[in-house]
Amino acid sequence: MGDVSESLSFFAALFKVQENSTLGMWLLYLTIVVLCIIVFKLGFAKKLPIAKSMIIYLFLILGCTILTFFAVFLPIAEGLVVAALILIIYKVRLHQSKKIEGKEY
């Protein structure tokens, strides 16, 4: 059998999940929650009443618990970083094109 640390994902290895599992898993969980919220806000969020938003974020946070266990060996957090970067680039380009359209008229 190989060393477990060789098969960890980047963020799991960064947070040293194999050495300090409690702190490492909490840091991985918080990273995934923050990245999921960013991706959700950039790509999918609509203006909703506060109660409905709270319910959505509650389920989002609960779903991140499952993603955290997968993220130890699979590149879940890394994929969320890529998705966030793509959505940020999209929003910036969209904002720039709207600003240019506004100047033309």
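Below or above, wherever it landed, is the structure these notes cover. (Residues numbered from 1 in each chain as written. Predicted model: local features only at pLDDT ≥ 70, side-chain atom pairs only at ≥ 80, totals over all residues. Heavy atoms only, no water.)

### Some points on the environment of Leu 14
Short version of the rule: The numbering of helices and of strands both runs from the N terminus, where a helix is a DSSP run of H or I of at least 4 residues and a strand a run of E of at least 2. When a residue's accessible area, from a 1.4 Å probe over protein chains only, is under 20% of the maximum for its type it is buried; when over 50% it is exposed; and in between it is partly exposed.
Mapped onto the elements, Leu 14 comes out in helix α1 (residues 10–14). Judged by relative accessible area, which is 46%, Leu 14 ranks as partly exposed. A C-alpha to C-alpha distance of 9.1 Å links Leu 14 and Leu 28, two positions 14 residues apart in sequence.

### Overview of the side chain of Glu 78
Applicable threshold: The charge count treats Lys and Arg as positive and Asp and Glu as negative. His and the chain ends do not count. Take a side-chain nitrogen of Lys or Arg and a carboxyl oxygen of Asp or Glu: if they are within 4 Å of each other, that pair is a salt bridge. Here, residues are in contact when the closest pair of their heavy atoms is within 4.5 Å.
With respect to the secondary-structure elements, Glu 78 resides in helix α4 (residues 76–104). Here Glu 78 is buried and forms no salt bridge, its nearest opposite-charge partner Lys 16 lying at an N-O distance of 14 Å. Setting aside its immediate chain neighbours within four residues, Glu 78 contacts Ser 9, Phe 10 and Phe 11.

### Here we look at a nonpolar patch on the surface
For clarity, the threshold we go by: Patch construction takes residues with relative accessible area above 30% that form no salt bridge. Like charges are linked within 9 Å, and nonpolar side chains (Val, Leu, Ile, Met, Phe, Trp, Tyr) are linked within 5 Å. Surface exposure here means Shrake-Rupley accessible area, sampled with a 1.4 Å probe, where a residue is shielded only by the protein chains that are shown.
Residues Val 4, Ile 66, Phe 70, Phe 73 and Leu 74 make up a contiguous nonpolar surface patch of roughly 490 Å² in combined accessible area. Relative to the helices and strands, Phe 70 is located in helix α3 (residues 50–71). Note on Phe 70: relative accessible area 46%, which makes it partly exposed.

### Quick look at the nonpolar core
Here is the rule we go by: By nonpolar core is meant a set of buried Ala, Val, Leu, Ile, Met, Phe, Trp, Tyr and Cys residues that side-chain atoms within 4.5 Å join together.
Formed by 21 residues in total, the largest nonpolar core has its most connected members in Leu 28, Ile 32, Cys 36, Cys 64, Val 72 and Leu 80. Elements with a minimum of two residues in this core: α1, α2 (21–43), α3 and α4. Among the elements that take part in this core, α2 stands out by supplying 9 residues, more than any other. If sequence neighbours within four positions are ignored, Leu 80 has contacts with Ile 32, Leu 35, Cys 36 and Val 39.

### Regarding α2
Inclusion rule: Expected helix span is computed as 1.5 Å times (number of residues minus one).
The terminal C-alpha atoms of α2 lie 32 Å apart, and with 23 residues this matches the ideal 33 Å at 1.5 Å per residue to within 8%. For α2, every residue scored as buried is listed here: Gly 24, Met 25, Leu 28, Tyr 29, Thr 31, Ile 32, Val 33, Leu 35, Cys 36, Val 39 and Phe 40.

### Notes on the packing of aromatic side chains
The description of an aromatic ring pair uses the distance of the two centres, along with the angle that the planes make with each other. Short version of the rule: Note on aromatic contacts: the rings of Phe and Tyr and the six-membered ring of Trp form a pair at centre separations within 6.5 Å, being stacked when their planes are under 30 degrees apart, edge-to-face when over 60 apart, and tilted otherwise.
Enumeration according to the criterion identifies 4 aromatic pairs in this entry. Seen from their ring centres, Phe 11 and Phe 15 are 6.1 Å apart, and the 40° between their planes marks the pair as tilted. Aromatic rings pair up to connect Phe 10, Phe 11 and Phe 15 into one cluster.

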